[in-house]
Every structure is written in structure tokens, then in C-alpha cells.
Number of protein chains: 2
Amino acid sequence: MFVVENSFAPSDALANIRGSAIRDLLKLTEQPDVLSLAGGLPATELIPAERISESAARISADPQALQYTVSAGVYSCREAVARYLGADDPSGVLLTHGSQQALFLLAHALVNPGDLVIVDDPVYVGALQVFQSVRARVRALPITPSGVDVETLREMLEAGERPRMVHTVSNFHNPAGVTVTAATRIELARLADRYGFIVVEDDPYGRLRFSGADVEPIAAHSDRVVRLGSASKILAPALRVGWMSGPSGVIEMVELLRQGADLCGSTFSQLMVAELLDDSAWLDTHVAHVQTEYRLRATALTSALECELGGRIQFSQPEGGMFCWARIPGVDTSRLLADAVTAGVAFVPGAAFGVEADFSECLRLSFSALPPDGLHEAVRRLAIALESSSN
Amino acid sequence: MFVVENSFAPSDALANIRGSAIRDLLKLTEQPDVLSLAGGLPATELIPAERISESAARISADPQALQYTVSAGVYSCREAVARYLGADDPSGVLLTHGSQQALFLLAHALVNPGDLVIVDDPVYVGALQVFQSVRARVRALPITPSGVDVETLREMLEAGERPRMVHTVSNFHNPAGVTVTAATRIELARLADRYGFIVVEDDPYGRLRFSGADVEPIAAHSDRVVRLGSASKILAPALRVGWMSGPSGVIEMVELLRQGADLCGSTFSQLMVAELLDDSAWLDTHVAHVQTEYRLRATALTSALECELGGRIQFSQPEGGMFCWARIPGVDTSRLLADAVTAGVAFVPGAAFGVEADFSECLRLSFSALPPDGLHEAVRRLAIALESSSN
């Protein structure tokens, strides 16, 4: 017999991908009695289901809305997204099946195996998986309170390194919570122009600011920026509508790759998103409501951390997004997790987000998915877990 | 200045993809006065919009249906697809964003650059693009009236070639119209078991049989088969729900890759598909209606070809699906297309589907998207184009 024993062996690209510890963990912590600070889901009860249902019923009654569309997406939705982003030109916008697909297609369209790609440390795990799947040479720079470590990046560039891409989550970083400062954005854009790399400005959370002032996007400072966004956090994840905006040359390349990747997005979903983004009076009210709720939740979480764990835990006050990044000096949070689940609370240990640096004392706490009293109870349980794990 | 001039250069993977001439052509022929036999769209007016709209309104009213789901898909929909396929085990089913995505993920999970992949000639262009995007070594075997050319394949295998995958559209081939015979399926499965390759049984059209008898799937004869299917042709393309069924080891690998590719599908869409597939009384009636209409259309097309072009054109009578593959000896159909569009009709020239063989005298005619009188008029215009191009 000639049977190739490893006929189901993974490709080198797949073998290079680290599974998402978060998603694996989520499976373990999906017990009804565990309060989860681990997930990355927006608040289910704040999804505007009534408005979406009304729109879904009306739009899908037209069979044309249920047909295939073109790979770049329904034109009226590209226009609506361009308006939403304050841009004029829909030809610079391509609609994707969530912004994760935008990142995946972008990397596959532009990055060769061995190309250098710079990410933050801690990293958005979905970005790490993408760059691993194209077998890039990934370097992770420890994120600073100003965002991307542009000092170290500049030193690398001056030493002759030539990255293909630099990826960051620009607003309310997942998991680090940091927002890239204006000065760092300008410097990153300047370096991109000078050294010819592409900045991937991954921005799913920007609209979820509940305190402080918006910062101009990195894309405002350079033409070498591809900006990613999504309807998932402001409307609903199941619409699966994300987008990229950037140079039309890049958009056209991604469009070609997308033909083979999945042909096109959902006409139906894109028409719904176009309608909801264009209804700016409704959208502003809805987003303001989500912001208010998230502010309450963020405050509830950090107040509880102060109250229950003050002195033992370090964190900064979130200004938006869904995550609080914290550190408990002297505690290995991966080991703490077992006690935490026993105590009825889950979080994601920092090690899940580390590439080169050590985040074993850190943890990511999501405040979006639980109401204030749930958050307080979750932190109370975390304190119990910490107590029992210290014994 | 250090600017890398080609900072927007495509990756080697992207540079290796041939654009879909069909999609490019479709853009050119999208004129209101052109009757198109070129598209690959199901009949818009046969999409069950009323039923889908009712389901969409009800399902999306629950915000839980608008949340993220797991990468393999909503479990109840995996169960419904397993039942639809006559299988017991939903763990062997993974839901994708259309079956094109299933093929893309499968190839990226299992094929390395340089691996040999066998496709049909003429080829389903979406499959060629996928295998080009993983930089496979693609060999195309001229399709026979029995489907995959298993004789030549066996000779290649005996000569020592070891393909990683063999891809075919098993029922009502796009574009060749052929259905793989039972004997060829059995032989292909035997060769897969003996030589350790994976058969990709791409089957979006199987349910659209309007004449003749169903043939048992290739997957019935070997465990080395990954079968792809879709709700696009029986329900609606914009649902973007496809699936793969196969060995659980393969499913798990694709699930990991999918985390990075786009996280997950649409909970909402998958819940709708689960409901519609499970409503088998309604589904059977709906599909029977589509089959009847497609039979009328296929007959209208071939009658018109006989009537208007008899003696000049060769084709076989479709038994299902959406396409009629034809040949006009002595005519270069790529050159004919310009005259055809002038005469108000579009088709896809055979050359668009050729990999190694010469299909310059062939053309793909879709009968799904026009009613019978439209098809007759389209063929009349084709005859005019042929007349004027002969002059």
C-alpha cells in the first residue's frame, strides 16, 4: 500500500498558527454559574434587535436583496460607510465579513512568508493568527502608555529593518486598553511614509468612547494607512459587516483575493447596515445609549476592583471600548484562573496575549457583557479566588 | 529617502491568482438591454423571499441571534445540515460563508506551496483561484462524459505523482454540465484510499436535478472525501451559508484557520437556514418548484439552440444545475462575444475556463436567470451575432 500516512496533515501555514487560548478558554468557562469577564462580546441586551428586525423584514422581502453581490460589496453600503468615516470616495472602501476578514485578506494580499510584521505586545490574538497564517516574521513591541512603541520602531528602522506592515488597535486596545496618542499617530505615519511600510489601523472600538476626546485617525496623517472598522460593536456582530478603507490600489488587490476567498458578502446584511448607518439620528441616539451603559459598567468594574482588591491590583481607568487590562503583582494569573472558575468567575490571563514579553501577572477583564451588579459580584468572586489561591 | 517603491506590491500568493474573467465580463455586460446567459446566479424571482422575510423578522427580534457564534457555526444549524445530508454527526459539519469559503479554508489548511492539486479542465474558476492562492502546482485533466478523467489520473498516480487533493464539481459541473457517473465516483474514491489524497466533492447544484436519477455522493465510498455544499442555490445566495462535511480531523483544522479568517459566520443567517432546512415539507415543495422552472428553462434554451443554431452548435441536454456547455466548431467564442454584446446577448467564452486544454470554440450558457421567452430571444440574438461575425 502507498497510503500517505499524513494525508490529513496541516499545511505549514496552519501549523504556524497558535490557537486562540481565549476561544478555548471560553468553551471551558461557559457554565451557567460562572460570571464571565473573559469574553470579547458586546452587551447582548444593548443590540438594537427591534430596529434590526424591522429592517430585516422589510429589506429581505425583496428577492433582489437576497441575490449575490459584487466582491467589493453593495455600492450603497460602501457609500454609507465612506460617509460614516467622513470620506468622500466609496472606491476606497471594501466591505468584508467582519473586520477580522479585512485583516486576513489584507495580510494575504500583501505579505509574503518571511516578511517582517510588527505587532503590539500584548497583541490582539486575531491579528497574530492572521500574520502567523501568512508565515510572516512577527516582532512584537511592548505597548507603551502612548500606544505603539515608536521609539523602538524607529531604532529598528534606522538599523535597517524593513517591516511590511505595522498593526495596532488604535482606540481602546484589545487587550491593553490603551489609545494611541495623537503624537504617536503622527510619528507612526511619518515613519510609514519614510520607510514605506503599511500601517494597519485596526479600529473596531473607536465609536465606543465614553470619556475623553476622540483622536484623529492615523489615516489622516498618511496614505500608507489601511483602516479597519466594523458594524459588530455598534450594531450587531451577526450582521458580519466590516470594512477596510485605504489606497484604491490595495482595495483592488484585496477585491481580487476576495473572489476566491468567499466570492462576496451578504447583500441583505450590507443593505441593512447601509440603512442603519445612514439613519444618523437613530444611530447617534443608539450609540450614545451604548456609551452611557458602557461607562456605567466600566466604572462599576473599576470601583469594585478598588473596593475588593485595592492595593493588590493595578489598572487604568478605561475611556472606552470593552476591556480593562490589569496586573496583580506577584500572582500568576494563568494559575489563578482555575481558582477563579471554582469561585464562579472567569477572565483571560495575560499570558494568552503575550508574544515576546511576559504578561503572566496581567489579566484582561471585559466590562461590556455584564451589568454593574454582575460586575461587582464577579470582582467579589475574583477576590475570593485570589484569597484562596494565596493560601 | 528610503521609500520602498513597491510597498503596495501584491504578495506572491495574490500575484499567482488569475482574475475571474467571468466577473470582469459581467461588469461589461451589465447593461439593461443585454440579455445575459453569462451569469452564475440562481433565478432571483424564485428566491423564497416571503418565507425568508418572515423568518428573518422573527429570528432577529431575539438579540441573542445577533451575537457572535462559534467558528464551526451554530450547533442547531450544523445538526440541520447533517440531517439534510443524511448524516448523523454534526461534528463532521462546519458552516462557512458560502461554499467558496469552505474550499478556500480547506486548501489553506491542507495544501502547501508546490503541492500537486488536480482539477477538471474546463475548471470551476473559483477553485482554480483558491489553488493558485495557496501556490499549489495545478494540473488540469480534461473532463470526460463520465466526469473526472480517472484513467489519466490513475496513470499519473502509477507513474509516482502524489496529489494532495483532487477537486471536482460532482453534479452538473460548472461549466461543463457533466455529472460524475457512479462508476467514476467509486474509482475516484478507490484511488483516494489507495494513494492517500483528498477528494473535494464540490456539490452546490446536486439538489437542482430535474431529470434522471440522483447518484450517490463520492463521500459514500471513502473517508478521504470532503464534501462542500451551500444554501445559495436552494434558498438564497445572500444568506451566505455554505458547509463542508468530512473527517473530524479536517473539520477541526479548518475551524482553527477560520478563527483568524473571519472569526465566525452569522448566527442570524445560520438560525434561518436551520429553520428552513428543517421545514422539510416546505423545502421539498420549494425545491420542486425551482426544479420545474429550471427544467422549463433548460428545455427552452436547448430548443432555441436547436431551432436557431441547429447544425452549427453542439451541446448536451442538461439534467440539472444552471448551465449548458456548448461548442460552435470553427468559431472563436472570445471574439464572438463582442458581436454578441452588440446584438444584445452575453455568454462566457470557453477560454475563461481553460487551464491546459483549448476551449476557444466553447461557451457557457446559463439558463437559470432568464424566463423561457427571454432565453429564446437571447439565442435569437446569438444567432444574429454569429451571422454578423461570420461575414
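Residues numbered from 1 in each chain as written. Chains lettered and ligands numbered in written order. Predicted model: local features only at pLDDT ≥ 70, side-chain atom pairs only at ≥ 80, totals over all residues. Heavy atoms only, no water.

Some details on the overall build of chain A
Here's step 1: Looking only at helices and strands, one finds 13 helices and 13 strands in chain A.
Here's step 2: Compactness check: chain A gives a C-alpha radius of gyration of 21 Å against a globular reference of 21 Å for 391 residues, within 12% of the reference.
Here's step 3: Projected onto its principal axes, the C-alpha positions of chain A cover 65 × 60 × 55 Å.
Here's step 4: Out of the 391 residues in chain A, the part that is buried amounts to 62%.
Here's step 5: For chain A, contacts bridging at least 24 residues in sequence account for 75% of all contacts bridging at least 6.
Here's step 6: Entry remark: accessible area of chain A is about 13600 Å², with carbon and sulfur atoms responsible for 50%. (Helix = DSSP H or I, 4+ residues; strand = E, 2+ residues; numbered from the N terminus. Rg over C-alpha atoms; globule rule 2.2 N^0.38 Å. Buried < 20%, exposed > 50% of the residue type's maximum accessible area, 1.4 Å probe, protein only. Contact = heavy atoms within 4.5 Å. Areas by Shrake-Rupley, 256 points an atom, 1.4 Å probe, with all protein chains shown as cover.)

Structural notes on the nonpolar core
Here's step 1: Formed by 220 residues in total, the largest nonpolar core has its most connected members in Phe131, Leu235 and Phe268 of chain A together with Phe131, Leu235 and Phe268 of chain B.
Here's step 2: Residue contacts for Leu235 of chain A: discarding those within four places in its chain leaves Ile47, Pro48, Ile52, Val273, Leu276, Leu277, Trp282 and Leu283 of chain A. (Core = buried A, V, L, I, M, F, W, Y, C linked by side-chain atoms within 4.5 Å.)

Quick look at the interface of chain A and chain B
Here's step 1: Listed as interface residues are 87 residues of chain A and, on the opposing side, 87 residues of chain B.
Here's step 2: Regarding the contact of chain A and chain B, the summed buried area is about 7100 Å², with carbon and sulfur atoms giving 60% of it.
Here's step 3: Our enumeration of links across chain A and chain B arrives at zero salt bridges.
Here's step 4: Where chain A meets chain B, there are 30 residue pairs in polar contact (both at pLDDT 80 or more).
Here's step 5: Split by residue class, the side of chain A that touches chain B holds 45 nonpolar, 27 polar and 15 charged. (Buried area = accessible area lost by both parts, 1.4 Å probe. Salt bridge = Lys/Arg side-chain N within 4 Å of Asp/Glu carboxyl O. Polar contact = N/O pair within 3.5 Å; in protein donor to acceptor, adjacent residues only side chain to side chain. Nonpolar A, V, L, I, M, F, W, Y, C, P; charged D, E, K, R; others polar.)

Side note on the relation of the copies chain A and chain B
Here's step 1: Superposing chain A onto chain B requires a rotation of 180 degrees together with a translation of 0.0 Å along the rotation axis, leaving an RMSD of 0.0 Å. Overall, the copies show the geometry of a two-fold rotation axis. For chain A, the residue whose C-alpha comes nearest the rotation axis is Ala57 of chain A, separated from it by 2.4 Å.
Here's step 2: The fraction of interface residues of chain A whose copies in chain B are also interface residues reaches 100%, indicating that both copies meet through the same surface. (Least-squares fit on C-alpha atoms with pLDDT ≥ 70 in both.)

What about the pattern of salt bridges?
Here's step 1: Evaluation of the coordinates by the stated rule reveals 49 salt bridges over all chains.
Here's step 2: Here Glu377 of chain A ties to Arg380 of chain A by a salt bridge, and the two come within 2.9 Å at their closest N and O atoms. Here the residue Glu377 of chain A and the residue Arg380 of chain A both occupy positions in helix α13 (residues 372-390), the gap between them amounting to three residues, near one helical turn.
Here's step 3: By relative accessible area, which is 35% here, Arg380 of chain A ends up partly exposed.
Here's step 4: Across the salt bridge formed by Asp284 of chain B and Arg207 of chain B, the nearest N and O atoms sit 2.9 Å from each other. One end of the pair, Asp284 of chain B, is in helix α11 (residues 280-309); the other, Arg207 of chain B, is in the loop between β6 (198-202) and β7 (225-230), and 77 residues separate them in sequence.
Here's step 5: Through salt bridges with shared partners, one network takes in Arg51, Glu54, Arg58, Glu275 and Asp279 of chain A.

What to know about α13 of chain A
Residues and elements named next belong to chain A.
Here's step 1: In this model α13 runs 27 Å from its N-terminal to its C-terminal C-alpha over 19 residues, within 8% of the 27 Å that 1.5 Å per residue would give.
Here's step 2: Inspection of α13 places Gly374, Leu375, Ala378, Val379, Arg381, Leu382, Ala383, Ala385 and Leu386 among the buried residues, and these make up the whole buried set.
Here's step 3: Contact partners of the buried residues in α13: β1 (35-36), α11 (280-309), α12 (333-343), β11 (345-346) and β13 (362-366). (Expected span 1.5 Å × (residues − 1).)

Things to note about the packing of aromatic side chains
Here's step 1: A complete count under the given rule lists 14 aromatic pairs over all chains for this structure.
Here's step 2: Between the aromatic rings of Phe268 of chain A and Phe268 of chain B, the centroid separation amounts to 6.0 Å while the plane-to-plane angle is 45 degrees, which identifies the pairing as tilted. Here Phe268 of chain A is found in helix α10 (residues 267-278), whereas its partner Phe268 of chain B is found in helix α10 (residues 267-278) on a different chain. Like Phe268 of chain A, the residue Phe268 of chain B is buried in the burial classification.
Here's step 3: Among the aromatic residues, those joined into a ring-pair cluster are Phe210, Tyr294 and Phe367 of chain A.
Here's step 4: We note Arg51 of chain A situated over the ring of Trp282 of chain A; from NZ or CZ to the ring centre the distance is 5.1 Å. (Phe/Tyr/Trp six-rings, centres within 6.5 Å; stacked < 30°, edge-to-face > 60°. Lys NZ or Arg CZ within 6 Å of the ring centre and 35° of its normal.)

Some words on the packing of α11 of chain A against α13 of chain A
Residue and element names in this part refer to chain A.
Here's step 1: As a packed pair, α11 and α13 sit with axes 9 Å apart at the nearest point and diverge in direction by 30 degrees. Our classification of the angle between α11 and α13 gives roughly parallel. Handedness of the α11/α13 crossing: right-handed. Here Leu296, Arg297, Ala300, Leu301, Ala304, Leu305, Glu308 and Leu309 of α11 come into contact with α13, specifically with Pro372, Leu375, His376, Val379, Arg380, Leu382, Ala383 and Leu386.
Here's step 2: By residue class, the composition of the contact of α11 with α13 is 12 nonpolar, one polar and three charged. (Axes fitted to C-alpha atoms, helices over the stretch in contact; angles between N-to-C directions. Parallel < 35°, antiparallel > 145°, perpendicular 65-115°, else oblique. Left-handed = near helix turned anticlockwise from the far one by under 90°.)

Quick look at unusual backbone geometry
Here's step 1: Residue Pro175 of chain A is reached from Asn174 of chain A by a cis peptide bond, and omega for that bond is 15 degrees.
Here's step 2: Omega for the bond connecting Asp121 of chain B with Pro122 of chain B falls within 30 degrees of zero, at 5 degrees, which places this linkage in the cis form.
Here's step 3: Tracing the backbone through its elements, the reader meets Pro122 of chain B in the loop between β3 (116-121) and α6 (125-133).
Here's step 4: Here the phi dihedral of Phe172 of chain A falls at roughly 55 degrees; this positive angle occurs in a residue that is not glycine.
Here's step 5: One non-glycine residue, Arg240 of chain A, lies in positive phi territory at about 50 degrees.
Here's step 6: Counting through the fold element by element, Arg240 of chain A comes out in the loop between β7 (225-230) and β8 (242-245).

Some points on the state of the cysteines
Here's step 1: Evaluated as defined, the whole model comprises zero disulfides over all chains.
Here's step 2: Of all cysteine sulfurs in the structure, the one in Cys264 of chain A sits closest to Cys77 of chain A, which takes part in no disulfide; the separation is 13 Å.
Here's step 3: Not part of a disulfide, Cys324 of chain B finds its nearest cysteine sulfur in Cys362 of chain B, a span of 11 Å. (Disulfide = S-S within 2.5 Å.)

With respect to helix α9 (residues 248-262) of chain B
All names here are of chain B.
Here's step 1: For α9, with 15 residues, the first-to-last C-alpha span of 21 Å sits near the 21 Å given by 1.5 Å per residue.
Here's step 2: What α9 keeps buried is the set Val250, Ile251, Met253, Val254, Glu255, Leu257, Arg258, Gln259, Gly260, Ala261 and Asp262.
Here's step 3: Where α9 ends, the next residue or the one after it, Leu263, has phi of about 70 degrees, a positive value.

Notes on the side chain of Arg78 of chain A
Here's step 1: Tracing the backbone shows Arg78 of chain A in helix α4 (residues 75-84).
Here's step 2: Not counting residues up to four positions away in its chain, the partners in contact with Arg78 of chain A are Ala72, Gly73, Pro90, Ser91, Val93 and Leu95 of chain A.

A look at the sheet that holds strand β5 (residues 165-169) of chain B
Residue and element names in this part refer to chain B.
Here's step 1: With respect to topology, seven strands assemble into an open sheet ordered β2-β8-β7-β6-β5-β3-β4, the strand pairing being mixed. For this open sheet the edge positions go to β2 (93-96) and β4 (137-142), each flanked by a neighbour on one side alone. With strand direction ignored, the average angle separating the axes of adjacent strands in the sheet is 20 degrees.
Here's step 2: Against the sheet, helix α7 (residues 150-158) touches β3, β4 and β5, its axis set at about 140 degrees to β4. (Pairing = 2+ DSSP bridges.)

Focus: the pairing of β3 of chain B
All names here are of chain B.
Here's step 1: A large share of β3 lies buried, amounting to six of its six residues.
Here's step 2: In the sheet, β3 pairs with β4 via six bridges, with the strands oriented parallel. Among the inter-strand pairings, Leu116 is bridged to a residue of β4, identified as Arg137.
Here's step 3: Where β3 lies against β5, two bridges are found, and the strand directions are parallel. Each bridged residue has a counterpart across the sheet, and for Val117 the counterpart in β5 is Met165.

Thoughts on the side chain of Arg240 of chain B
Here's step 1: Buried Arg240 of chain B, no salt bridge; nearest opposite-charge side chain is Asp262 of chain A, N-O distance 5.8 Å.
Here's step 2: Not counting chain neighbours up to four residues away, the residues in contact with Arg240 of chain B comprise Tyr68, Asp262, Leu263, Cys264, Gly265 and Ser266 of chain A together with Thr96, His97, Gly98 and Ser232 of chain B. (Lys, Arg positive; Asp, Glu negative; His and termini not counted.)

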